[in-house]
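Secondary and tertiary structure notes
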Amino acid sequence: MDTFIWFLIGAALVFFMQCGFAMVESGLTRAKNAGNIIMKNLMDFSIGTVVFMTLGFGLMMAEDYVAGIIGVPNLDIFFNFKDPAVASSFVFNLVFAATAATIVSGAMAERTKFSAYCIYSLVISAVIYPIEAGWVWNTAGWLVGMGYIDFAGSSAIHMVGGITALIGAIFLGPRLGKYRKQKDGSIKSVAIPGHNLAIAALGVFILWFGWYGFNGAAATEPGQLALIFVNTTISPAVACVATMGYTWIKNKKPDVSMTLNGALAGLVAITAGCSDVNPLGAAIIGLISGVLVVVAVEFIDLKLHVDDPVGAVAVHGVNGIFGTIAVGFFATDGGLFYGGGFKLLGVQVLGVIAIAAWTVATMSLVFFLVKKFHGLRVSKEDEVKGLDITEHGLVSAYAGFSTAFEDLYDGIDVPEGAVAIDEAVPVQVKTAKGIASDVKMSKVEIICKETKFDALKEAMSKIGVTGMTITKVLGCGAQKGSTEKYRGADVEITLLPKIQVEIVVCKVPVKTVVDTAKKILYTGNIGDGKIFVYDVENVIKIRTGEEGYDALQDS
C-alpha cells in the first residue's frame, strides 16, 4: 500500500508539471498568443486522458503483449479499476503521456491552427507514445528484455517529444519575420523575445519541483529514492551554472532565458539514469547538458533555420538522446566507465535509434496528412493579429493589465564617456526661422521614458507650463552597433512603452521648455528621448472663445 501511495503522489507531481510547461511556453512567446498556449496545454492532458484510457493504456501496458512490440487494447481500466496496481499504473502512465504531448506545444507556438494541434495531440497520446513507451516499460517489451535503461523517460518521453517538436516546426515553417535574407544571400535569424521571463522562470521552478516525482515515483525503496532526489538536484544545478558561464563567456553577458533552458536540459539528461548513476556522474551529465543545450539551440536556429521559440528540440530532443546514451558510460552497474564494457552502451544506442526511427516515421506521416487534408498553419493575417483573438476570440490574456518596463538607467549618474546631451535627446525644429521667439505660439512635443514623466511634469510646472497633453505610445528602434542577443540571435528592433507629451507655449520661451526637458531626460545614453518643435497658427479655447495668446493663459 505504501508503494502505491508514493506512486500516486509522484503522479500528482508530474501532473502539476503541466502548469510549469504552460508558464515556460507562454512566458517565452508573445503576449498575443498566451491564451492559445494555455489552451493547448490544457487540451494535451484532457484529450490525452480520453484517448489513453480507451486505447493508449492498453497498447502500452497490457498483459497481452505481442512479440514484445505492442499490447492488445483490453480496456483494463474499466474492468479492473479496483485493483490498485491497474489504477495507479493508469494514472501514472497517463501523466507521462501528457508530458510527451505537451513538449511539442512550445516549438510549434504562435502559428499553428488550434484544431490541427488537437489532432496531433490525440494521435501521439493514443498511438505513437504508448507503443514505444511499452518497449521501454512494459515487462514484456523488447527493449526491457535487452536490458535497456531509461528509468524515467529521457528517450521514451523527452526525446520523442523533442523529435516530434522538430518535425512539427519543420512542417510549419518559421514565424513571420523570424528569418531575413541578407544582400549576400545569407539568412539572418532575428530575435523575437518572449513577453514575460518572470512567468517562464516560475514555470522552470515548478517543473524542477515536479521532476522529483517524475524521476522518483517509480522508486521502490528509500535508498533508491534518496539517490534519485540527489541526482535530480545535482544535474540541473550544475547545468544551470554551466549554461550561465558558457553564455557569459560567449556573449559577454549571462543569458537569462538560455540559463532557464539549461536547468531543464540538466533535468532531461539525468532522467534516464537518475537511479543508475552516482552523484559524480550526475554532475558530469549536468555539466555537458548545460553547454550542449546552448550549442543545440543556436545550431537549430542559426544554422538549420528551424524556428523553435522555447528551445524544446534542444532541451528535450538533444538532451534526451544524450542523457540516454550517457547511461551507457556512467551507470555504476554495467557502464563503460565502471568496467562494464560496451554491452550496455550498445543497447542504449540501439534503443535510441529504434525509438527515434519510430517517432520520425510516424510523426512525419501524421504532420504530412494533417497539413495536406486539414491545414497546419494559420493565415498570415491571423498570425499577425495573434492566435488569442483569431483562434479563441480572446482579446487579451491580460485584460485589465498594462505592460510596464523598468528603466535600467533611472536614477543613476551620467556615466563616464557618455554621449553628448544633444545626441541623447535630439531636438527637431519644424520652422524656417529656428526656435520660435517669445511671442509666437509653438508646440513642443516630447517623447520620453515612462519613468521620467513625473520629473518632467514637475519641471514644466516650475517654469510656468500649466497645461499639457499626455499619450502613452510604443517606441520602436535599435541603435546602430547594438550587440545585444536573445537566445543567440541579435536583438534588432523591440517595442518599448514611451510617454508622448505635447505642450503649446507662447508666454513661456520655447528655449526654456526645450532646455528644461533635455536636462531632466538626459542620462548619457542614446534613447533618452526626442523633442520636436512645431509652429502653431492659432489656438482656440472652446469654453471662452479666446484665441491666440489669451487662449493659452489660465484664468
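Structural data are supplied above this passage.
From a predicted model like this one, the values you see are computed outputs, not experimental measurements.

1. A word on the overall build of the protein
- When helices and strands are counted, the protein shows 19 helices and 11 strands.
- Referenced to the eigenvectors of the C-alpha coordinate spread, the extents of the protein come out at roughly 95 × 50 × 45 Å.
- Here the protein holds 555 residues, and 49% of them are scored as buried.
- Sequence-distant contacts, at least 24 apart, represent 78% of the contacts inside the protein between residues at least 6 apart.
- Taken as a whole, the protein presents about 24800 Å² of accessible surface, with 65% of it coming from carbon and sulfur.

2. Regarding the pattern of salt bridges
- This model, assessed by the stated rule, comprises 11 salt bridges.
- E298 is paired through a salt bridge with K250; the nearest N and O atoms lie 2.9 Å apart. Placement of the pair is E298 in helix α11 (residues 279–303) and K250 in helix α9 (residues 222–251), with a sequence separation of 48 residues.
- The exposure class of E298 is buried, given its relative accessible area of 10%.
- When its relative accessible area of 37% is taken as the criterion, K250 is described as partly exposed.
- Salt-bridge contacts for K443 lead to E502; the nearest nitrogen and oxygen are separated by 3.3 Å.

3. With respect to the packing of aromatic side chains
- This structure, assessed with the given rule, holds 19 aromatic pairs.
- Ring geometry for F52 and F57: centres 5.9 Å apart, planes at 50°, overall tilted.
- According to the relative accessible area criterion, F52 is buried, its value standing at 0%.
- Look at F57 and you get buried, because its relative accessible area is 7%.
- Over the face of the ring belonging to Y179 we find K178, whose NZ or CZ atom lies 5.7 Å from the ring centre.
- Geometry around F373 places K372 over its ring, the cationic atom sitting 5.8 Å from the centre.

4. Focus on helix α5 (residues 114–137)
- Bending of α5 peaks at approximately 50° at the position of I124.
- Taken across its 24 residues, α5 has 18 buried, putting it largely inside the fold.

5. Digging into the nonpolar core
- F96, Y120, Y129, W211, F214 and I355 are the most contacted members of the largest nonpolar core, which totals 88 residues.
- Of all the elements, helix α4 (residues 84–107) adds the most residues to this core, at 13 residues.
- Beyond its immediate chain neighbours, meaning those up to four positions away, I355 contacts E132, W135, V136, L143, Y148, S155, M159 and V160.
- Listed in part, the 19 residues of the second largest apolar core include M460, V465, V514 and V533.

6. So, the packing of helix α2 (residues 34–61) against α5
- The interhelical angle for the contact between α2 and α5, taken along N-to-C directions, is 40°, at an axis separation of 8 Å. With respect to α5, the element α2 is oriented oblique. For the pair α2 and α5, the crossing hand works out as right-handed.

7. Quick look at the environment of L264
- Looking at the secondary structure, you find L264 in helix α10 (residues 256–271).
- Remark: the alpha-carbon pair of L264 and G317, spanning 53 residues in sequence, is separated by 12 Å.
- Apart from residues lying up to four places away in sequence, L264 is in contact with V204, L207, W211 and V315.

8. Some points on the environment of V315
- Topologically, V315 is positioned in helix α12 (residues 312–330).
- With 25 residues separating them along the chain, V315 and G290 place their C-alpha atoms 9.5 Å apart.
- Excluding its chain neighbours within four sequence positions, the residues that come into contact with V315 are N261, L264, A265, V268, V293 and G320.

9. Focus: unusual backbone geometry
- At K252, a residue that is not glycine, the phi angle is positive and equals roughly 75°.
- Structurally, K252 is set in the loop between α9 and α10.
- One non-glycine residue, H305, lies in positive phi territory at about 60°.
- Mapped onto the elements, H305 comes out in the loop between α11 and α12.

10. Section: a nonpolar patch on the surface
- On the surface, V241, M244, W248 and I249 cluster together into a nonpolar patch covering about 430 Å² of accessible area.
- Structurally, W248 is set in helix α9.
- Residue class for W248 comes out partly exposed when judged on its relative accessible area of 44%.

11. Focus on α2
- Here α2 is 28 residues long, yet its end C-alpha atoms lie only 35 Å apart, well below the 40 Å a rise of 1.5 Å per residue gives.
- Helix geometry: α2 is bent most strongly at F52, by close to 70°.

12. Things to note about the environment of I128
- Mapped onto the secondary structure, I128 falls in helix α5.
- The exposure class assigned to I128 is buried, which follows from its relative accessible area of 4%.
- For the pair I128 and M60, spaced 68 residues apart in the sequence, the C-alpha separation amounts to 10.0 Å.
- Among all residues touching I128, those that are not within four sequence positions of it are V123, W358, T362 and M363.

Conventions we followed
- Residues numbered from 1 in each chain as written.
- Predicted model: local features only at pLDDT ≥ 70, side-chain atom pairs only at ≥ 80, totals over all residues.
- Heavy atoms only, no water.
- Helix = DSSP H or I, 4+ residues; strand = E, 2+ residues; numbered from the N terminus.
- Buried < 20%, exposed > 50% of the residue type's maximum accessible area, 1.4 Å probe, protein only.
- Contact = heavy atoms within 4.5 Å.
- Areas by Shrake-Rupley, 256 points an atom, 1.4 Å probe, with all protein chains shown as cover.
- Salt bridge = Lys/Arg side-chain N within 4 Å of Asp/Glu carboxyl O.
- Phe/Tyr/Trp six-rings, centres within 6.5 Å; stacked < 30°, edge-to-face > 60°.
- Lys NZ or Arg CZ within 6 Å of the ring centre and 35° of its normal.
- Bend = angle between axes of the 7 residues up to and from the residue.
- Core = buried A, V, L, I, M, F, W, Y, C linked by side-chain atoms within 4.5 Å.
- Axes fitted to C-alpha atoms, helices over the stretch in contact; angles between N-to-C directions.
- Parallel < 35°, antiparallel > 145°, perpendicular 65-115°, else oblique.
- Left-handed = near helix turned anticlockwise from the far one by under 90°.
- Patch = residues over 30% accessible without salt bridge, like charges linked within 9 Å, V, L, I, M, F, W, Y side chains within 5 Å.
- Expected span 1.5 Å × (residues − 1).

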